[in-house]
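# Per-entry structural report
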Number of protein chains: 2
Amino acid sequence: MSQIDTIQEIAEKAKKASFRLANIDTITKNQILHKISQKITQNKDKIAEENQLDVNLAEKMVAEGILSKPLLNRLILTNDKIDQLNVYLENVADLDDPVGKKQFAVKLAEGFELERISCPIGVVAIIFESRPEVVIQVTALSLKSGNAVILKGGSEAKHSNRILFQLITQVLEKYDLADAVGLIETREDVAGLFGQDKAIDLIIPRGSNEFVKFIQENTKIPVLGHSSGICHLYLDRECDFQKAIPVVLDSKLDYPSACNALENLLIHQDIASKILPDILKGLTDANVKLLGCGQTISIANTHGYNLETAKEKDWKMEYTDLILSIKIVSSIDEAVDFINTYGSHHTDSIITENLQSAEQFLSRVDSACVFHNVSTRFSDGYVFGLGAEVGISTNKTHSRGPVGLDGMVIYKYLLRGNGELRASFSGKNAQPFLHTPLPLD
Amino acid sequence: MSQIDTIQEIAEKAKKASFRLANIDTITKNQILHKISQKITQNKDKIAEENQLDVNLAEKMVAEGILSKPLLNRLILTNDKIDQLNVYLENVADLDDPVGKKQFAVKLAEGFELERISCPIGVVAIIFESRPEVVIQVTALSLKSGNAVILKGGSEAKHSNRILFQLITQVLEKYDLADAVGLIETREDVAGLFGQDKAIDLIIPRGSNEFVKFIQENTKIPVLGHSSGICHLYLDRECDFQKAIPVVLDSKLDYPSACNALENLLIHQDIASKILPDILKGLTDANVKLLGCGQTISIANTHGYNLETAKEKDWKMEYTDLILSIKIVSSIDEAVDFINTYGSHHTDSIITENLQSAEQFLSRVDSACVFHNVSTRFSDGYVFGLGAEVGISTNKTHSRGPVGLDGMVIYKYLLRGNGELRASFSGKNAQPFLHTPLPLD
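Everything numeric here is computed off the predicted structure, so don't read it as measured data.

Time to look at the overall build of chain A. Of regular secondary structure, chain A possesses 15 helices and 17 strands. Counting only C-alpha atoms and orienting by the principal axes, one finds that chain A spans roughly 80 × 75 × 40 Å. A total of 441 residues make up chain A; the buried ones form 58% of that total. If you take every contact in chain A between residues at least 6 apart in sequence, the share linking residues at least 24 apart comes to 72%. Of the side-chain charges in chain A, 46 are positive and 58 negative, and the distance between the mean point of each set is 4 Å.

Below is the structure:
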């Protein structure tokens, strides 16, 4: 049997399991999560052993210069990290079940009632990088939302992923749901998923931008994700410098490799020469490499800073590094147009004391997250109070921004009647539709 | 300039206009719809003239056998039909504005509040067939939901579409929104849309199954639609024959070419020999060509009916014609599995007096619309009370089943603060997030 057949089998089995999983009640789903947690506790030594195999190999790769030190660190499952897995499972168990919510209900005629109920999407494929704890996190989110899931983790974490997957499967077997979680291991396997659009309903890639883009370009299956995070901060003519300067520094420096870190700073021309010196100093002190438009460069020059010219490609670049491009604009309109053109519709923020300008910016910037007087770094499912984050999406359909459990469900219409015929409700003596709203309980 | 450039221009201009349109208030949007209605009234003669040009050409094509008579009939804009356009515009103006709804709101800290607000998707391309009134219908739905729209109508309706488009544009020009509605005319233009994934956010095809499938396979842009409507009716062991037989006939005969018409009839083996004679008679009297499984054929034989064998491909076929395939199943489980495997996840119904079986069916069948004791013909936006129907979707993300105006919107997160920094909410002395729910007004 070829590799592709195997992936097809995994996908089709997951689909079958998804139909059963969709109808399992909240109590049972939470029980499964608790039992996975117990399994992990019982097998801490085994998990540590398997993880050590990955770590040994990774250490060799670091010594050979093939793997970076931070990647190695993310791979290590310390005792604390293993305990954290249990906390995570318990937390997801505590979250509200997103399945079975009545969203809409009307009476069409006496005893003839329609309702729209949230239900799982079906089968989700989640592709992620080296941290093995993600196996537990995404399994918890998928099971809680009633979705079967196919996991593809980083190959560096192969042994760790396998043992965690085995423990999950041991629990699921007791519920006749062993196929509800699948594990695949190679990039070839991922390519094999792309054609499984009958079985797989959604792909959630949590990895590098290039990889997300590659997936989006190679499958008909909907992809929930973001291929880049080019976030802007616009310092308005009427901004409070005491707010603006710290927010610029926080947006860029708090976690430069995050997708919600600042990439392009826009400054109104009327305040540029006044505010730039402090900003240039703060960023330079923090070793940020600065690029700028012509105007920015000449102001910077008068203060002894030499900036490189930001080229067209720079404005469209997510550096996820200590690099920032600065542009001076003549109006809020120019700022909004620039953001809508060059941004990635992820997170953009305005700093201003003028509430009208703020509201204009909030309504006109076409991004998942639009902020007023705060750092771009706040766009995050945990910060937003969504309980858990499946990922961040820059899609314009289904889910946008930080996606919580409610991004893992869709809905179905249920209509209950008593032998009603469509023909009775049309033509000359048509029975009318009542369309009386019914309570959503 | 090449053809492709022109399409790109239309798409990019629509994108620009969509940013303005997104922020136009409900009153102004309704005013635009009323003014289009007035324009139509003022230009009834002109519309009739242009329509006559299409009709003349179409009549020649009917005479030559290139076009079918029903298609010609759908093309004709009678005086009544033109009046109906105004009714339609007024009705859409009366619908609730789906934009600007607060869906979620939490206080993160004092004076630091997050909300999630519905907003338009952006630019929608709607592709439809010959009926020229669809130009007005989809324009009304798009403008009301704040979306720019690119229309592609049937080439048979070229002159009618153009005059309606011109009247719309004349109104939009007064609001600096002329580019918010675009018209394209050829299949080549449609192919040109496929690559405009930066400007176009959603494609809604309302046409033949093959065409929908072709679009889905040739673009990265999300497609809202259904490539087929293979609907099932399952007559359970405990069904009431007085309900079952009329529902079978209504599901098949009320409007055989509709996507929610019955294609596959499943009957429990314990009642098959009792109920089949009446069903076979009713369907045969209505000239329905019948296909069956082996068991169905032998029962039919004993009653003097000769059925063809339904092959694998027949169970997967949407005939949209007077053809029906009948299968005898041994249990509700087999029925559900069959529907989930062979169906198109559109509309499926069970006939039973056993409420437990009904609920099992409703929860286990993975379709957009799942019914109990009613005809499959009820899945429709108007019937469901959605006000207007954008289309019917068998997607598993964003919108499913009949899609109303709320399928034309997405949302954005707005966060308003006072200079908050992410760093203040993390680390040792982290300020905690409150996550206090706020009223949705």
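What follows continues from the structure just given.
Attention now moves to the interface of chain A and chain B. With 70 residues of chain A at the interface, the matching set in chain B holds 70 residues. For the pairing of chain A and chain B, the buried interface totals around 6,100 Å² over both sides, and the portion due to carbon and sulfur atoms is 57%. Seen at the junction of chain A and chain B, the total is eight salt bridges. Looking at the side of chain A that touches chain B, the elements with two or more residues in it are α1 (3-21), β1 (102-109), β2 (112-120), α9 (209-218), α10 (241-253), α15 (355-364), β13 (369-374) and β16 (409-420) of chain A. Among the elements that make up the side of chain A that touches chain B, the one with the highest residue count is β16 of chain A (eleven residues). The sheet contact formed by β13 of chain A and strand β16 (residues 409-420) of chain B spans five bridges and is parallel.

Attention shifts here to α9 of chain A. One turn of the α-helix equals 3.6 residues, which is why residues spaced by three or four share an orientation. Residue and element names in this part refer to chain A. Turning to α9, its buried residues number three or more, namely Phe211, Val212 and Ile215. The buried side chains of α9 occupy one side of the element, clustering within an arc of 100° when seen end-on. For α9, the secondary structure elements touched by its buried residues are β3 (123-128), α8 (187-193) and β6 (202-206).

This part covers unusual backbone geometry. A positive phi angle, near 55°, is found at Asp176 of chain A, a position not held by glycine. In this fold, Asp176 of chain A is placed in the loop between α7 (158-173) and β5 (181-184). A positive phi angle, near 65°, is found at His398 of chain B, a position not held by glycine. Here His398 of chain B lies in the loop between β14 (391-393) and β15 (401-403).

As a further point, take the relation of the copies chain A and chain B. For the pair chain A and chain B, the superposition axis carries a translation of 0.0 Å, the fit reaches an RMSD of 0.1 Å, and the rotation angle comes to 180°. On this basis, the relationship between the two copies can be described by a two-fold rotation axis. For chain A, the minimum C-alpha distance to the rotation axis belongs to His398 of chain A and amounts to 1.8 Å. Mapped onto chain B, 100% of the interface residues of chain A again fall at the interface, so both copies present the same surface.

Below, the discussion takes up the sheet that holds strand β6 (residues 202-206) of chain B. Residues and elements named next belong to chain B. Ordered in space as β5-β4-β3-β6, the four strands form an open sheet in which the pairing is parallel. Two strands bound the open sheet, and with one partner strand each, they are β5 (181-184) and β6. Between one strand axis and the next, the sheet turns through 20° on average, direction left out of account. As paired strands, strand β3 (residues 123-128) and β6 are joined by five bridges and run parallel to one another. Within β6, the position partnered with Ile126 by the bridge is Ile204.

Attention shifts here to the pattern of salt bridges. Counting across every chain of the model gives 56 salt bridges over all chains. As a salt-bridge pair, Arg416 of chain A and Glu359 of chain B come within 2.8 Å of each other at their nearest N and O atoms. Of this pair, Arg416 of chain A sits in strand β16 while Glu359 of chain B sits in helix α15 (residues 355-364), each in a different chain. Glu359 of chain B gets classed as partly exposed once you look at its relative accessible area, which sits at 35%.

The next point concerns the pairing of strand β9 (residues 289-292) of chain A. Residues and elements named next belong to chain A. Bridge analysis of β9 against strand β11 (residues 323-329) gives four bridges, and the strand direction is parallel. Across the sheet, residue Lys289 finds its bridge partner in β11, namely Ile323. For the crossover from β9 across helix α12 (residues 294-302) to strand β10 (residues 308-309), the handedness is right-handed.

If you trace the eleven strands from one edge of the open sheet to the other, you get β10(A)-β9(A)-β11(A)-β8(A)-β7(A)-β12(A)-β13(A)-β16(B)-β2(B)-β1(B)-β17(B), paired in mixed fashion. Where the open sheet ends on each side, the last strands, each with one partner, are β10 of chain A together with β17 (436-437) of chain B. Bridge count for strand β2 (residues 112-120) of chain B against β16 of chain B is eight bridges, and the pairing is antiparallel. Following the sheet pairing, Ile117 of chain B is matched in β16 of chain B by Lys412 of chain B.

All right, on to the confidence of the model for chain A then. When the pLDDT values of chain A are averaged, the result is 94; 99% of them are 70 or greater. Reported for the predicted complex are a pTM of 0.94 and an ipTM of 0.94.

In a pair of packed helices, the angle between the axes and the distance between the axes together describe the arrangement. Residue and element names in this part refer to chain A. Put simply, helix α5 (residues 79-94) and helix α6 (residues 133-144) touch, their axes get as near as 10 Å, and they point 10° apart. Judged by the inter-axis angle, α5 sits roughly parallel to α6. Between α5, through Lys81, Leu85, Tyr88, Leu89, Val92, Ala93 and Asp94, and α6, the contact on the second element is made entirely by Glu133, Ile136, Gln137, Ala140, Leu141 and Lys144. Partitioning the contact of α5 with α6 into residue classes produces eight nonpolar, one polar and four charged.

This brings us to the environment of Gly146 of chain B. Note on placement: Gly146 of chain B falls in the loop between α6 (133-144) and β4 (148-152). Gly146 of chain B sits 128 residues away from Ser18 of chain B along the chain, and the two C-alpha atoms are 7.3 Å apart.

Here the focus is the pairing of β5 of chain B. Residues and elements named next belong to chain B. Taking every second residue as pointing to the same face, both faces of β5 are buried, with Val181 and Leu183 on one and Gly182 and Ile184 on the other. Sheet analysis places β4 next to β5, joined by four bridges and oriented parallel. Bridge pairing in β5 links Leu151 to Leu183. Between the parallel pair β4 and β5, the chain is carried across by helix α7 (residues 158-173), and the sense of this crossover is right-handed.

Next up on the list: the side chain of Lys144 of chain A. Residue and element names in this part refer to chain A. Mapped onto the elements, Lys144 comes out in helix α6. Despite its burial, Lys144 remains without a salt bridge, the nearest opposite charge being carried by Asp97 at 5.8 Å. There is a polar contact of 3.4 Å between the side chain of Lys144 and the backbone oxygen of Val92. Beyond its immediate sequence surroundings of up to four residues, Lys144 is in contact with Thr26, Lys29, Asn30, Leu33, Val92, Ala93, Asp94, Leu95, Asp96, Asp97, Pro98 and Leu405.

Looking now at the side chain of Thr352 of chain A. Residues and elements named next belong to chain A. Position of Thr352 relative to the elements: it lies in the loop between β12 (347-351) and α15. We classify Thr352 as buried; its relative accessible area is 1%. Reaching out from Thr352, the side chain makes a polar contact with the side chain of Asp236 at a distance of 2.6 Å. At a separation of 3.1 Å, a polar atom in the side chain of Thr352 contacts the main-chain amide nitrogen of Asn354. Ignoring sequence-local partners within four residues, the contact set of Thr352 consists of Asp236, Glu238, Cys239, Ser357, Ala358, His372 and Asn373.

What counts, and where the lines are drawn
Residues numbered from 1 in each chain as written. Chains lettered and ligands numbered in written order. Predicted model: local features only at pLDDT ≥ 70, side-chain atom pairs only at ≥ 80, totals over all residues. Heavy atoms only, no water. Helix = DSSP H or I, 4+ residues; strand = E, 2+ residues; numbered from the N terminus. Buried < 20%, exposed > 50% of the residue type's maximum accessible area, 1.4 Å probe, protein only. Contact = heavy atoms within 4.5 Å. Lys, Arg positive; Asp, Glu negative; His and termini not counted. Charge placed at Lys NZ, Arg CZ, Asp CG, Glu CD. Buried area = accessible area lost by both parts, 1.4 Å probe. Salt bridge = Lys/Arg side-chain N within 4 Å of Asp/Glu carboxyl O. Pairing = 2+ DSSP bridges. Arc of directions from axis to C-beta. Least-squares fit on C-alpha atoms with pLDDT ≥ 70 in both. Axes fitted to C-alpha atoms, helices over the stretch in contact; angles between N-to-C directions. Right-handed = clockwise from strand over helix to strand, strands pointing away. pLDDT = per-residue confidence, 0-100. Parallel < 35°, antiparallel > 145°, perpendicular 65-115°, else oblique. Nonpolar A, V, L, I, M, F, W, Y, C, P; charged D, E, K, R; others polar. Polar contact = N/O pair within 3.5 Å; in protein donor to acceptor, adjacent residues only side chain to side chain.

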